[in-house]
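So you can see what is in the structure, the chains are spelled out below.
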Amino acid sequence: MPEKVSRRSFFKRVLGFFAAVFGISAGGYYYARDIEPRLLEITNYEISDNAIPQAFNNKKIIQFSDTHLGFHYDLKQLEKLIEKINSLKPDIVFFTGDLMDEPNKYIEANQIAPLLKRIQAPLGRFAIYGNHDHGGYGSDIYKSIMEEAGFTLLLNENRKIEFSGSSIQIIGIDDAMLGRPDIKLASGSLDDSTYNILLSHAPDLADAASAFSINLQLSGHSHGGQIKLPFIGALVKPPHAERYYEGFYEIGSQSPLTLYVNRGLGTTRLPFRFLSKPELTVFTLQSKSGK
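The model shown is predicted, which means the values in this text are computed figures rather than measured ones.

Draft legend 1. Inspection of the nonpolar core at higher detail. Within the largest apolar cluster, 32 residues are counted, with the highest numbers of intra-cluster contacts made by Phe64, Leu78, Leu99, Ile112, Leu116 and Phe151. Residue assignment for this core shows that the elements contributing at least two residues are β2 (60-64), α3 (75-87), β3 (92-95), α4 (112-116), α6 (139-148) and β14 (279-287). Among residues more than four places away in sequence, those in contact with Leu99 are Thr67, His68, Leu69, Ile112, Leu116, Asp133, Tyr142, Ile145 and Met146. Grouped together as the second largest cluster of nonpolar side chains are 23 residues, Ile47, Ile128, Ile161 and Leu218 included.

Draft legend 2. Main features of the packing of aromatic side chains. Applying the stated criterion to the full structure yields 11 aromatic pairs. An angle of 65° between the planes, with centres 4.7 Å apart, marks the rings of Phe248 and Tyr260 as edge-to-face. Residue Phe248 is found in strand β12 (residues 247-251), and its partner Tyr260 is found in strand β13 (residues 257-261); the two are separated by 12 residues along the sequence. Summarising the aromatic geometry, the rings of Tyr260 and Phe283 are spaced 5.3 Å apart at their centres and angled 80° between planes, so their arrangement reads as edge-to-face. In this pair, Tyr260 sits in strand β13 while Phe283 sits in strand β14, placing the two residues 23 residues apart along the sequence.

Draft legend 3. Structural view of the pattern of salt bridges. Per the stated rule, a full pass over the model turns up 10 salt bridges. Where Glu79 meets Arg118, a salt bridge forms, and the shortest distance between an N and an O atom there is 2.9 Å. A residue pair is termed long-range when its members are at least 10 positions apart, and Glu79 in helix α3 and Arg118 in the loop between α4 and β4 (125-127) qualify at 39 residues. The class of Glu79 is partly exposed, set by a relative accessible area of 29%. Overall, the relative accessible area of 42% leaves Arg118 in the partly exposed class. Overlapping salt bridges bring together Glu41, Lys228, Glu246, Arg263 and Glu279 as one network.

Draft legend 4. Structural detail: the sheet that holds strand β1 (residues 41-49). Sheet architecture is open: six strands sit in the order β1-β14-β2-β3-β4-β5, paired in mixed fashion. Two strands bound the open sheet, and with one partner strand each, they are β1 and β5 (152-153). In the sheet, β1 pairs with β14 via nine bridges, with the strands oriented parallel. Looking across to β14, one finds that Glu46 is bridged to Thr284.

Definitions and cut-offs
Residues numbered from 1 in each chain as written. Predicted model: local features only at pLDDT ≥ 70, side-chain atom pairs only at ≥ 80, totals over all residues. Heavy atoms only, no water. Core = buried A, V, L, I, M, F, W, Y, C linked by side-chain atoms within 4.5 Å. Buried < 20%, exposed > 50% of the residue type's maximum accessible area, 1.4 Å probe, protein only. Helix = DSSP H or I, 4+ residues; strand = E, 2+ residues; numbered from the N terminus. Contact = heavy atoms within 4.5 Å. Phe/Tyr/Trp six-rings, centres within 6.5 Å; stacked < 30°, edge-to-face > 60°. Salt bridge = Lys/Arg side-chain N within 4 Å of Asp/Glu carboxyl O. Pairing = 2+ DSSP bridges.

Encoded structure:
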């Protein structure tokens, strides 16, 4: 029931937006459909923490999310994105879900893995499930693609990234809408002294994640609201991205969890973006520990 209500609300808000746009000019409609969805923005941030080992100082993480291949995002765009990722020379790459819009209907699925396999990241490439990766009986299709591409697909589990005698921990949980996320299970063997990064497609799970030894959560799902209006803000906030939908948030009072919500690359349901450009995020780790 909540999903049906959210869909109805989604279309009401979107239709209201486009009524306003048409009232201004056809140019606004054209911009939102054909221009902004292709304006990739590369955002750069430094992440400083005492828990980051000195060995990981200046290590570069790239997050990409929500390509929604098959709906207003195609393989040529993905290929260009991969070239851009490699040009930035990341040490670690994270994909935070929603690879294809409808996995069981995407006829070019067999061409995705060879492209993703080109991504170069010497310390590892990791992925998690989004709701669209499960939708349309897509769970096994997505799993097969990511594993063939050489990504480590985390499903309520964690992995260490080790470098020069030090390590950080990567935790990945299932999607909140169509999966079964279990932060407790995924965090079972975490070391409080290790720098711990959680990958969760749904950003609003950060409230629950803040009770665990997690330093940084990276999410997608929201598309940054996908359509925003001045003085009004985001019109489209899907379930599990209603509280946190774009950028940085600090959650919790003691040793707060830092959440970052990526705007994603594609679109879904309607092929529009307005004041919410597609995003590729680059994080540079900065150690404050001296260890």
